[in-house]
Amino acid sequence: MTFIPAPKASNISQLITESEEFEERMALLQEGETPQPRDITSVRADYRAWHSRAGRVLPPDARKKFDELRDGGILKNGIDRFLSEPRTESLLKAADGSFPLGRWQYPFTNVRTRLEKQRSLLADAEPEESPAALVAADLAKVLRRLPDFIHVLQQRRPDWPIGEAIKDERELQVLVEALLRTLFDDVRPEDYTPSRGGANSRVDFVLPEVGVVVETKMTRETMSAKKLGEELLVDAGRYPAHPNCEAVVAYVYDPDKRLQNPRGIERDLTQMTGSGIAFFCVIS
């Protein structure tokens, strides 16, 4: 099975991973050796910046609960209180110097519970992988094999100059459309996204029955890896405006092997967009 990278983790998945890292750093403020003041300051500043970013991806009701876990209340201290005084010892100290209810005034065990609840709120806001994304992933694997398809035809019928005939993206689109029509009943070429600033943006193919948009590009002498990335990122920004777009496959045909690191480019560009659309980049 040919490898196609999965979309990079969305912002929410990244935020959850960062929270798990914060948990380890916060635990060390009490469980490890006495930290330096700068270490406490660093964790506190990083957490507050993370909390601000995380709050922006949550709906209002969840954001309110999220903030309460940080701020605490009259009877329960929040994460922020712990980060302000992680080494403050409990006021309930026995005559022999022991702490019958625990050493710390603001124990990390309470903070761990609150961090877990914050992660749950983020996980609830994470959209599930859509059926369109699954179809797009399978289609990406098929398109990866397009050069093999051309090669077989060329070998069997040398008098058909199929590979040589593909000189630009318009000719590439003819072959891609033929392939798509063997897989899907409804293939709509050259569809348009809604107008922006008085101009419509064209997408190469729309598969409305599965909610997938297909974009084709062909490398050329003047196209660098950076230029290709810029073009595809611009495209990714306009796809959400299309009513039938739930996932995107961007196929790049590179017959002359102009791109030096195609797999690295695929990994960099395959992503979950800010609007939650799975964007697959395939180069072959």
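Provided above is the structure to which this section pertains.
Now for a description of the structure that goes with this document. (Residues numbered from 1 in each chain as written. Predicted model: local features only at pLDDT ≥ 70, side-chain atom pairs only at ≥ 80, totals over all residues. Heavy atoms only, no water.)

Side note on the nonpolar core
If you look at the biggest cluster of nonpolar residues, it comprises 31 residues, and the most contacted ones within it are Leu139, Leu180 and Val212. Put simply, the parts of the chain that give this core at least two residues each are α6 (131–144), α7 (146–156), α9 (169–181), β2 (199–207), β3 (212–218), β4 (247–253) and β6 (278–283). Element by element, the count of residues in this core is highest for α6, at seven residues. Not counting the four nearest positions on each side in its chain, valine 212 is found in contact with Ala132, Val135, Ala136, Leu139, Phe205, Val206, Leu207, Asn244, Ala247 and Val249. Of all hydrophobic cores here, the second largest spans 24 residues; its members include Ala54, Ala62, Phe66 and Leu121. (Core = buried A, V, L, I, M, F, W, Y, C linked by side-chain atoms within 4.5 Å. Buried < 20%, exposed > 50% of the residue type's maximum accessible area, 1.4 Å probe, protein only. Helix = DSSP H or I, 4+ residues; strand = E, 2+ residues; numbered from the N terminus. Contact = heavy atoms within 4.5 Å.)

Let's talk about the pattern of salt bridges
Proximity of charged atoms lets side chains of opposite charge pair with each other. For the structure shown, the criterion picks out 17 salt bridges. Residue glutamate 177 pairs with arginine 181 through a salt bridge whose shortest N-O separation is 2.9 Å. One end of the pair is glutamate 177 and the other is arginine 181, both in helix α9 and four residues apart, which spans about a single turn. Classification of glutamate 177 by relative accessible area gives partly exposed; the value is 22%. Notably, a salt bridge pairs aspartate 256 with arginine 258, separated by 3.4 Å at the nearest N-O pair. Note on arginine 258: relative accessible area 36%, which makes it partly exposed. Salt bridges linked by common partners bring Glu23, Arg112 and Arg119 together as one network. (Salt bridge = Lys/Arg side-chain N within 4 Å of Asp/Glu carboxyl O.)

Observations concerning the pairing of β3
Most of β3 is tucked away, with seven of its seven residues classed as buried. Judged by which residues are buried, β3 turns out to be covered on both faces: Val212, Val214, Thr216 and Met218 on one side and Val213, Glu215 and Lys217 on the other are all buried.

Some thoughts on the packing of aromatic side chains
Across all of its chains, the model carries five aromatic pairs by this definition. Ring geometry for phenylalanine 22 versus tryptophan 50: centroids 6.0 Å apart, planes at 65°, classification edge-to-face. Residue phenylalanine 22 is located in helix α1 (residues 11–31), and its partner tryptophan 50 is located in helix α2 (residues 37–55); the two are separated by 28 residues in the primary sequence. Three or more aromatic residues link up through ring pairs in this structure, and these residues are Phe22, Tyr47, Trp50 and Phe66. (Phe/Tyr/Trp six-rings, centres within 6.5 Å; stacked < 30°, edge-to-face > 60°.)

Re the environment of isoleucine 40
If you trace the backbone, isoleucine 40 turns up in helix α2. On the basis of relative accessible area, isoleucine 40 is assigned to the buried category, the value being 13%. For the pair isoleucine 40 and arginine 87, spaced 47 residues apart in sequence, the C-alpha to C-alpha distance is 9.7 Å. Excluding its chain neighbours within four sequence positions, the residues that come into contact with isoleucine 40 are Leu29, Pro35, Leu83, Pro86 and Arg87.

Considerations on the layout of surface pockets
Its volume calculated, the second largest pocket comes out at about 250 Å³. Around the second largest pocket sit 14 residues that line it, and Lys76, Asn77, Asn110, Val111 and Arg114 are the ones nearest its centre. A total of five residues in the lining of the second largest pocket trace back to one element, the largest contributor, which is helix α5 (residues 108–125). Each residue belonging to the lining of the second largest pocket can be placed in one class, and the counts come to six nonpolar, five polar and three charged. (1 Å grid on protein atoms, 1.4 Å probe; cavity = no way out; pocket = protein on both sides within 12 Å on 5 of 7 lines; lining within 4 Å. Points joined across faces, edges and corners; volume = space filled by probe spheres on them. Nonpolar A, V, L, I, M, F, W, Y, C, P; charged D, E, K, R; others polar.)

Observations concerning the pairing of β6
For β6, the buried fraction is high: six of the six residues fall into the buried class. Across the two faces of β6 the burial is the same, with Ala278, Phe280 and Val282 and Phe279, Cys281 and Ile283 all buried. Inspection of the sheet shows β4 paired to β6 by six bridges, in the parallel sense. Across the sheet, the residue bridging to valine 249 is phenylalanine 280, located in β6. (Pairing = 2+ DSSP bridges.)

Some remarks on the packing of α1 against α5
One way to put it is that α1 packs onto α5 with a least axis distance of 10 Å and a crossing angle of 180°. The angle between α1 and α5 places the two elements in the roughly antiparallel class. Two secondary-structure elements touch here, α1 through Ile12, Leu15, Ile16, Ser19, Glu20, Glu23, Met26, Ala27, Gln30 and Glu31 and α5 through Phe108, Val111, Arg112, Leu115, Arg119, Leu122, Ala123 and Ala125. Within the contact of α1 with α5, the residues separate by chemical class into 11 nonpolar, two polar and five charged. (Axes fitted to C-alpha atoms, helices over the stretch in contact; angles between N-to-C directions. Parallel < 35°, antiparallel > 145°, perpendicular 65-115°, else oblique.)

Overview of the environment of proline 86
For proline 86, the location among the structural elements is in the loop between α4 (79–84) and α5. Residue classification places proline 86 among the buried residues on the basis of a relative accessible area of 3%. Here the alpha-carbon distance between proline 86 and leucine 29, two residues 57 residues apart in the chain, equals 6.5 Å. Among all residues touching proline 86, those that are not within four sequence positions of it are Leu29, Gln30, Ile40 and Trp104.

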